[in-house]
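# Commentary on secondary and tertiary structure
Here's the letter readout for the chains.
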Amino acid sequence: MTRGQTNLVALIAALVTLSVATGIGVAVADSALVDERRAADERHVATALSERLVAASSPLTNRTNVLDGSALDGLDTTDLRREYAVPDAYDVRLARNGETLVETGPARDGMTIRRIVLVERTQKRTITPSFGGGNDVSLPRRTDRVRLAVDPANTTVTGVRVNGRVVLSDPDGIAGTYTVPVPRRETVELAFVAGAALEPGDVTVTLFPRRTTATTLEVTVDG
Amino acid sequence: MDRGQLPMATVEGALGALVILGVVAGFTLGAPPPTGTGAQLDAYAGDALTILRDEPPRHGGETRLAEVTESARDFQRERGALIDRIERVLPENVMFRIETPHGTAGHPKPSRIATGAATVTTVNGDVTLRVWYA
């Protein structure tokens, strides 16, 4: 009798121990699963958003991985939500080299994806060719367009060629301001067709060279 | 009990609890949490290669990568500039190795380390960039 009761107590103790162990195990596994699912969702949203931000079709970029500096400066949270379809449940922070650009909420922890981008800013540079050796001028920097202000004092300019290709032509004379697209990837030579040698100041050329800096874009998503 | 032995059921219960906790510990400690290191390194490699691919050449050719892969002589001439450029583009804590049809440049890759890679096809062959954390 004594022996049988002891065994019963021991059995109950063993069953309680087992239940507690099972309970702890399930709780640990469940919390690990929830954490993992949340982290996976955050990583997914962050990766997808970073892909869309640097894609060539993004409103922020000029080409793939090349962000437009002024567009980046003008970015705000509504743009971010509207253009890039960030779900409302997630807080998003965009940072450049650790410096926050825009954030929709306090996304302090969460998943961060870093992308390497070039930030491109367009500058403006004006040159006044002196026309020492003929009516042509080589552009000192690469640009995708030039603005020509033509106002010859003693002669008429009837045409402008870019690397031998005619871009402006008027037999009656060109005067005024024109914007001409030029090849972006080669050195550009402008040739002016005029009745006589041009003087310094007859033509002003404005270039729009681009300056790019490599930087890291950090996309943090907190669910 | 009288002879100083634990009841069998207690021993079995304790062993069972140990087994269950052991399995849980194996799951939680054994599987390393996915850190996204590989995906991040792949993103670095892909971004750097995309930037190089779209860059204008220094001398001749369509793009910088086409110029570098043109011939062994062009590769040797451009090698230093290419290394400089990749170093400027990549974050400071990332090392790299670039493989082209005419040779490789960059740091020797350590073994047993997580790397990311990206490949771009040029007219002269494949160019692969591998990156890893320093």
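For the structure itself, look to the data block above.
In short, a report on the structure. (Residues numbered from 1 in each chain as written. Chains lettered and ligands numbered in written order. Predicted model: local features only at pLDDT ≥ 70, side-chain atom pairs only at ≥ 80, totals over all residues. Heavy atoms only, no water.)

Okay, the overall build of chain A next. Each helix and strand counted, chain A has three helices and 13 strands in total. The C-alpha radius of gyration computed for chain A amounts to 33 Å, which surpasses the reference 17 Å derived for 223 residues by more than 25%, pointing to a less compact arrangement than a globule. Expressed along its principal axes, the backbone C-alpha trace of chain A runs to roughly 130 × 30 × 25 Å. Within chain A, buried positions represent 38% of all 223 residues. Considering only contacts within chain A whose residues lie at least 6 apart along the sequence, 75% involve residues at least 24 apart. When the accessible surface of chain A is split by element, carbon and sulfur atoms take 51% of a total near 11800 Å². Counting 26 positive and 28 negative side-chain charges, chain A places the centres of these two groups 4 Å from one another. (Helix = DSSP H or I, 4+ residues; strand = E, 2+ residues; numbered from the N terminus. Rg over C-alpha atoms; globule rule 2.2 N^0.38 Å. Buried < 20%, exposed > 50% of the residue type's maximum accessible area, 1.4 Å probe, protein only. Contact = heavy atoms within 4.5 Å. Areas by Shrake-Rupley, 256 points an atom, 1.4 Å probe, with all protein chains shown as cover. Lys, Arg positive; Asp, Glu negative; His and termini not counted. Charge placed at Lys NZ, Arg CZ, Asp CG, Glu CD.)

Moving on, we come to the interface of chain A and chain B. Contact with chain A, which involves 29 residues of that partner, is made by 30 residues of chain B. When chain A packs against chain B, close to 2400 Å² is buried across both sides, 64% of that on carbon and sulfur atoms. On inspection of chain A and its partner chain B, the count reaches one salt bridge. Arg 115 of chain A is the salt-bridge partner of Asp 47 of chain B, the closest N and O atoms lying 2.6 Å from each other. Our count for the contact surface shared by chain A and chain B stands at four residue pairs in polar contact (both at pLDDT 80 or more). Secondary-structure elements contributing two or more residues to the side of chain A that touches chain B are α1 (2-54), β5 (111-122) and β13 (203-222) of chain A. Residue classes in the side of chain A that touches chain B are distributed as 12 nonpolar, nine polar and eight charged. (Buried area = accessible area lost by both parts, 1.4 Å probe. Salt bridge = Lys/Arg side-chain N within 4 Å of Asp/Glu carboxyl O. Polar contact = N/O pair within 3.5 Å; in protein donor to acceptor, adjacent residues only side chain to side chain. Nonpolar A, V, L, I, M, F, W, Y, C, P; charged D, E, K, R; others polar.)

Our focus in this paragraph is the pairing of strand β8 (residues 143-150) of chain A. All names here are of chain A. Here six bridges tie β8 to β13, and the two strands are oriented antiparallel to one another. Looking at the pairing, Val 146 lines up with Leu 207 of β13. Where β8 meets strand β11 (residues 176-181), six bridges bridge the pair, whose relative direction is antiparallel. Its bridge partner lying in β11, Val 150 is registered against Gly 176. (Pairing = 2+ DSSP bridges.)

What follows deals with the layout of surface pockets. Reported here for the largest pocket is a volume of approximately 690 Å³. Residue lining of the largest pocket: 24 residues in total, with Arg 142, Arg 210 and Thr 212 of chain A together with Glu 55 and Pro 56 of chain B positioned closest to the centre. Going through the elements one at a time, β5, β8 and β13 of chain A together with α4 (72-89) of chain B are the ones with two or more residues in the lining of the largest pocket. A per-element tally of the lining of the largest pocket places β13 of chain A first, with five residues. Taken together, the residues of the lining of the largest pocket break down into seven nonpolar, two polar and 15 charged. (1 Å grid on protein atoms, 1.4 Å probe; cavity = no way out; pocket = protein on both sides within 12 Å on 5 of 7 lines; lining within 4 Å. Points joined across faces, edges and corners; volume = space filled by probe spheres on them.)

Okay, the sheet that holds strand β12 (residues 189-194) of chain A next. All names here are of chain A. Taken in spatial order, the four strands of this open sheet run β7-β12-β9-β10, and their pairing is antiparallel. Unpaired on one side and paired on the other, β7 (136-138) and β10 (165-174) mark the two borders of the sheet. Mean inter-strand twist for the sheet, computed between neighbouring axes without regard to direction, equals 10°. (Axes fitted to C-alpha atoms, helices over the stretch in contact; angles between N-to-C directions.)

Taken together, the side chains of Leu 8, Leu 11, Ile 12, Leu 15, Val 16, Val 20, Ile 24 and Val 28 of chain A together with Leu 21 of chain B make up a nonpolar region of the molecular surface, amounting to roughly 750 Å² of accessible area. Counting residues per element, the nonpolar patch draws most heavily on α1 of chain A, which supplies eight residues. Among the structural elements, Leu 15 of chain A can be located in helix α1. (Patch = residues over 30% accessible without salt bridge, like charges linked within 9 Å, V, L, I, M, F, W, Y side chains within 5 Å.)

Another aspect to go through is the nonpolar core. Residues Leu 49, Ile 86, Leu 90, Ile 98, Leu 129 and Val 131 of chain B are the most contacted members of the largest nonpolar core, which totals 27 residues. Contributions of two or more residues to this core are made by β5 of chain A together with α2 (37-53), α3 (64-68), α4, β1 (94-100), β3 (115-122) and β4 (125-133) of chain B. Here this core takes seven residues from α2 of chain B, the largest share from any one element. Excluding residues that lie within four positions of it along the chain, Ile 86 of chain B makes contacts with Leu 52, Phe 96, Ile 98 and Leu 129 of chain B. Val 45, Val 54, Val 92 and Leu 217 of chain A belong to the second largest nonpolar core, which has 22 residues in total. (Core = buried A, V, L, I, M, F, W, Y, C linked by side-chain atoms within 4.5 Å.)

With that settled, consider the sheet that holds β1 of chain B. All names here are of chain B. If you trace the four strands from one edge of the open sheet to the other, you get β2-β1-β4-β3, paired in antiparallel fashion. Bordering the open sheet on either side are β2 (103-106) and β3, each of which pairs with just one other strand. Strand-to-strand twist in this sheet, taken as the mean axis angle between neighbours without regard to direction, amounts to 15°. As judged from the eight bridges shared by β3 and β4, these two strands associate in the antiparallel manner. Bridged to Thr 119 within β4 is Thr 128. The strands that α4 touches are β1, β2 and β4; relative to β2, the one it contacts most, it runs at about 35°.

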